[in-house]
Amino acid sequence: SPERMSAGELQLEYRGVLHALGDRRWEHVFTVGAGQSRQAGFGSNTIGDVRWEHVWNVNDVLELGAGAEWRRRVYDGTPEDQTELFASLLWRLP
């Protein structure tokens with residue numbers, strides 16, 4: 001565990017509607033972020049991430065999503081890249 005660590009990142013997000021009909025909506029979301037992290041004894045390093053996701057609003061209660069994300073973080077001066085595939089289910093309760 002580092003003695004001291006701080007990080008800051010700015011992100012931009014694009015959200016586009018591919019199809020919409022009533023309560024149903026299909027959209028894609030693209031997010032890109034970049035920033036700096038600083039760790040005591042290791043200086044500062046560039047960090048970032050890229051995320052692409054499809055979101056299906058089936059109705060006003062159910063939302064499904066799937067996508068991929070790549071991110072870079074730096075720990076103890078060593079960059080670590082991570083790639084993820086993910087799926088999501090959101091069920092809104094009344």
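Residues numbered from 1 in each chain as written. Predicted model: local features only at pLDDT ≥ 70, side-chain atom pairs only at ≥ 80, totals over all residues. Heavy atoms only, no water.

Draft legend 1. A look at the overall build of the chain. On a plain count of helices and strands, the chain comes out with zero helices and five strands. Taking 2.2 N^0.38 as the reference for a compact globule, 94 residues should give roughly 12 Å; the C-alpha atoms of the chain span a radius of gyration of 18 Å, well beyond that estimate. Nonlocal contacts in the chain, meaning residues at least 24 apart in sequence, comprise 43% of its contacts between residues at least 6 apart. For the chain, the exposed surface amounts to about 6,800 Å²; the carbon and sulfur share of it is 56%. Treating the 10 positive side-chain charges of the chain as one cloud and the 14 negative ones as another, the clouds have centres 2 Å apart. (Helix = DSSP H or I, 4+ residues; strand = E, 2+ residues; numbered from the N terminus. Rg over C-alpha atoms; globule rule 2.2 N^0.38 Å. Contact = heavy atoms within 4.5 Å. Areas by Shrake-Rupley, 256 points an atom, 1.4 Å probe, with all protein chains shown as cover. Lys, Arg positive; Asp, Glu negative; His and termini not counted. Charge placed at Lys NZ, Arg CZ, Asp CG, Glu CD.)

Draft legend 2. Local environment of the pattern of salt bridges. Across all of its chains, the model carries 11 salt bridges by this definition. Note that Arg51 is salt-bridged to Glu53, the shortest N-O span being 3.6 Å. Exposure remark for Arg51: the relative accessible area of 27% places this residue in the partly exposed category. (Salt bridge = Lys/Arg side-chain N within 4 Å of Asp/Glu carboxyl O. Buried < 20%, exposed > 50% of the residue type's maximum accessible area, 1.4 Å probe, protein only.)

Draft legend 3. Looking closely at the packing of aromatic side chains. Enumeration over the complete set of coordinates arrives at one aromatic pair. Look at Trp26 and Trp56: their rings are 6.3 Å apart centre to centre, the planes differ by 15 degrees, and that puts the pair in the stacked class. On the criterion of sequence distance, the pair formed by Trp26 in strand E2 (residues 24-39) and Trp56 in strand E3 (residues 43-57) is long-range, its members being 30 residues apart. (Phe/Tyr/Trp six-rings, centres within 6.5 Å; stacked < 30°, edge-to-face > 60°.)

Draft legend 4. Geometry of unusual backbone geometry. With phi around 55 degrees, Asp76 is a residue other than glycine that occupies positive phi space. Within the element layout of this structure, Asp76 appears in the loop between strand E4 (62-75) and strand E5 (78-91).

Draft legend 5. Representation of the pairing of strand E1 (residues 5-21) in the model. Across 16 bridges, E1 lies against E2 in antiparallel orientation. Its bridge partner being in E2, Leu21 is matched across the sheet by Arg24. What sits between E1 and E2 in their antiparallel hairpin is a turn of two residues, with Gly22 showing a positive phi close to 65 degrees. (Pairing = 2+ DSSP bridges.)

Draft legend 6. Inspection of the sheet that holds E2 at higher detail. As summarised here, the arrangement of the five strands in space is E1-E2-E3-E4-E5, forming an open sheet in which the pairing is antiparallel. Each edge of the open sheet carries a strand with a single partner, namely E1 and E5. Here the strands of the sheet are splayed against their neighbours by 10 degrees on average, with no regard to which way each runs. Across 14 bridges, E4 lies against E5 in antiparallel orientation. (Axes fitted to C-alpha atoms, helices over the stretch in contact; angles between N-to-C directions.)

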